[in-house]
Each structure stands twice: as structure tokens, then as C-alpha cells.
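So you can see what is in the structure, the chains are spelled out below.
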Amino acid sequence: MSISTSSVRTRIKVCGITRLEDALIASELGVDAVGFVFYQKSPRYIEPAKAAAIIRQLPPFVSAVGLFVNPTQEFIAEVLQAVPLGVIQLHGDETPEFCKAQRRRVMKAVAISTAEDLQRAKRFDCPLLLDAKAPAGVYGGTGTSFDWSLLDGFEHDYPLTLAGGLNADNIASAMSVRQWFALDVSSGVEISPGIKDAEKMRVFIDTVNKGKGT
Ligand SMILES: O=C(O)c1ccccc1NCC(=O)[C@H](O)[C@H](O)COP(=O)(O)O
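Here the structure is a predicted model, which is why all the values come from computation and not from measurement.

Let us look at the overall build of the protein. Within the protein, the regular secondary structure consists of 7 helices and 10 strands. A compact globule built from 214 residues should have a C-alpha radius of gyration of about 17 Å, and the protein, at 16 Å, falls within 12% of that. If you line up the protein on its principal axes, its C-alpha atoms span 40 × 40 × 40 Å. A total of 214 residues make up the protein; the buried ones form 37% of that total. Contacts in the protein between residues far apart in sequence, at least 24 positions, make up 52% of those at least 6 positions apart.

The following block contains the structure:
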């Protein structure tokens, strides 16, 4: 069945939540998902117990996404035992086999800077988040975008989310590239790493919901 893209809403995920108030404001503003970074080298790292306490206060239907970078299976299991996550976002160098072996829903983040990176992305049989390639040793949340013209003709059988340097000023351009399943933002709605700005979140969400940006 084909659905007219003009009636499809672009979902929104705000990633790198560390404070309850930011999660509640984002939910009130209508985000579809909030993300929690379980990568200790990130300035947005959150203790699993703190993430769990925030997630328990989220309204129903707002999805909680747990972000991991090159985790062991044991670490994922340990976090899942403490935190009611709906989706796992694997944001490192995880293999297609590792992604497939998970028993939760997975979204694989793929770092893009060349057409070859996009070819590599096709090896994953799961929803993808396409993010800008960060400098060596850094995996995301950098506020930089990749060259979206690389996406010309790119197809994948699973939902595609765009991330990397999104903010209210470039949403129009991002949404003109294709019909995205979702847009994912972190630093573009922040005051400082892990601290979100309510007004920036409001403008970002309103702009996406208006359709093609301002
Ligand atoms: O946010 C981090 O610090 C981080 C660390 C390691 C891996 C991923 C990380 N963040 C991912 C995201 O928050 C976003 O999905 C994505 O990278 C876009 O971030 P931004 O460019 O800041 O909007």
C-alpha cells in the first residue's frame, strides 16, 4: 500500500536528555521520543537509575530511547534491567550481526561523510539514523551535518531518521531532501551539553510540525 507523503508526519526525537524538566517540556511540546546517552565518555552521559526515574514520569506514548556506543551485550542487559527503554540506539561501530542479535527494537546510527558510508549503511536490516561522521574517538552530538546531497537516490527498506547539526534554521532544507521518518536533534536545542533550552525546543518542534520549515 502506498501512502501519500503529504499526509505523513515527521516524527521528532530530542536526544541527550539529562534533566526531568527537559524531558517533560519536550513531551508537552509533542516530541515522539527522548534519548538517553549511556556512553560514559559523553558530556550527556546519564546514570541508568536517573534515566529510569525520568522515564517513569514521562506521559504514555513518548518513547524512551537508550543510546549506546560499542556496548557489550552484558552492559545492554544491565541497563535494560534498570531502565524501561522502548528502543536501543546503537551509535558506535556495532556490526549488522550485533544489531540483529538484540531482543529490543534497534535503530542503528551510521556515521556519514562519503557515498561509501551510505553503501555501508545498507548492510543493516533495521531502521537507521544517519548522522555526521565525528572526529576519531567521538561518536555524535557534535552539532555538525553531513553533505545531504550524498542522499540522492539513497533507499533503504526501513525507516530513516536524520541527525547531525539540525536546528530550526536548517529544518526546511533537511525536510526537502526526502520524507524522513524522524528528525533527531541534540545540541541544536541546547544551552550547554545535556541542558536543553525550552524555547529552542519549542521553535524546533513547531517548525518541523509546520511541514517544510519556515
Ligand atoms: O550526544 C552525545 O554526546 C553523543 C555521544 C556519543 C554518541 C552519540 C551522541 N549523541 C547522539 C545524538 O544525540 C544525536 O543523535 C546526533 O548525534 C545528533 O547530535 P547533534 O548534532 O548534536 O544534534
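On we go from here.
This paragraph deals with the UniProt feature "domain: N-(5'phosphoribosyl) anthranilate isomerase (PRAI)" (unreviewed entry) in the protein. Per the UniProt annotation, the sites labelled "domain: N-(5'phosphoribosyl) anthranilate isomerase (PRAI)" (unreviewed entry) are residues 13–206. Between the C-alpha atoms that bound residues 13–206 there is a distance of 13 Å. The span itself is 29% helix and 22% strand.

In this section: helix α7 (residues 198–210). Over its 13 residues, α7 runs 18 Å from end to end, which matches the ideal 18 Å to within 8%, given 1.5 Å per residue. Of all the positions in α7, only Met201, Phe204, Ile205, Thr207 and Val208 are classed as buried. Considered in projection along α7, the buried side chains sweep an arc of 160° and stay on one side of the axis. Of the exposed residues in α7, the ones pointing more than 90 degrees away from its buried face are Glu199, Asn209 and Lys210. On its buried side, α7 packs onto β1 (11–14), α1 (20–29), α6 (171–177), β8 (182–185) and β10 (195–196). Directly after α7, the chain includes Gly211, whose backbone phi takes a positive value near 125°.

Turning our eyes to something else, we now look at the packing of α1 against α7. Taken N-terminus to C-terminus, the directions of α1 and α7 make an angle of 25°; their axes are 10 Å apart at the nearest point. On the basis of the axis angle, α1 is roughly parallel to α7. For the element pair α1 and α7, the recorded crossing hand is right-handed. On the side of α1, the interface is formed by Ile25, Ala26 and Leu29, while α7 contributes Ala198, Met201, Arg202 and Ile205. Split into classes, the residues belonging to the contact of α1 with α7 amount to 6 nonpolar, no polar and 1 charged.

Once that is clear, we can look at the nonpolar core. Counting 52 residues, the largest nonpolar core has Val14, Val34, Phe36 and Leu183 as the members making the most contacts within it. For this core, the element with the highest residue contribution is strand β5 (residues 105–112), accounting for 5 residues. Dropping the residues within four chain positions of it, Phe36 is found in contact with Ile17, Ile46, Ala51, Ala64, Gly66 and Leu67.

Now for the pairing of strand β7 (residues 160–163). Relative to β7, strand β6 (residues 128–132) runs parallel, the two being bridged by 3 bridges. When the sheet's bridge partners are listed, Leu130 is paired in β7 with Leu162. Pairing between β7 and β8: 3 bridges, direction parallel. In the sheet register, Thr161 faces β8, and the bridge partner there is Ala182. Following the backbone out of β7, through α6 and into the adjacent parallel β8, one traces a crossover that is right-handed.

This brings us to the pairing of β5. Within β5, 6 of the 8 residues are buried, which leaves it mostly tucked inside the rest of the structure. Here strand β4 (residues 87–90) runs beside β5; their pairing, made up of 4 bridges, is parallel. When the sheet's bridge partners are listed, Gln89 is paired in β5 with Met107. In this sheet, β6 lies alongside β5 in parallel orientation, the contact comprising 5 bridges. Following the sheet pairing, Lys108 is matched in β6 by Leu128.

Calculation notes
- Residues numbered from 1 in each chain as written.
- Predicted model: local features only at pLDDT ≥ 70, side-chain atom pairs only at ≥ 80, totals over all residues.
- Helix = DSSP H or I, 4+ residues; strand = E, 2+ residues; numbered from the N terminus.
- Rg over C-alpha atoms; globule rule 2.2 N^0.38 Å.
- Buried ≥ 20, exposed ≤ 12 C-beta atoms within 10 Å, placed from the backbone.
- Contact = placed C-beta atoms within 7 Å.
- UniProt positions renumbered as here; feature names shortened; annotations may be inferred.
- Expected span 1.5 Å × (residues − 1).
- Arc of directions from axis to C-beta.
- Axes fitted to C-alpha atoms, helices over the stretch in contact; angles between N-to-C directions.
- Parallel < 35°, antiparallel > 145°, perpendicular 65-115°, else oblique.
- Left-handed = near helix turned anticlockwise from the far one by under 90°.
- Nonpolar A, V, L, I, M, F, W, Y, C, P; charged D, E, K, R; others polar.
- Core = buried A, V, L, I, M, F, W, Y, C linked by C-beta atoms within 7 Å.
- Pairing = 2+ DSSP bridges.
- Right-handed = clockwise from strand over helix to strand, strands pointing away.

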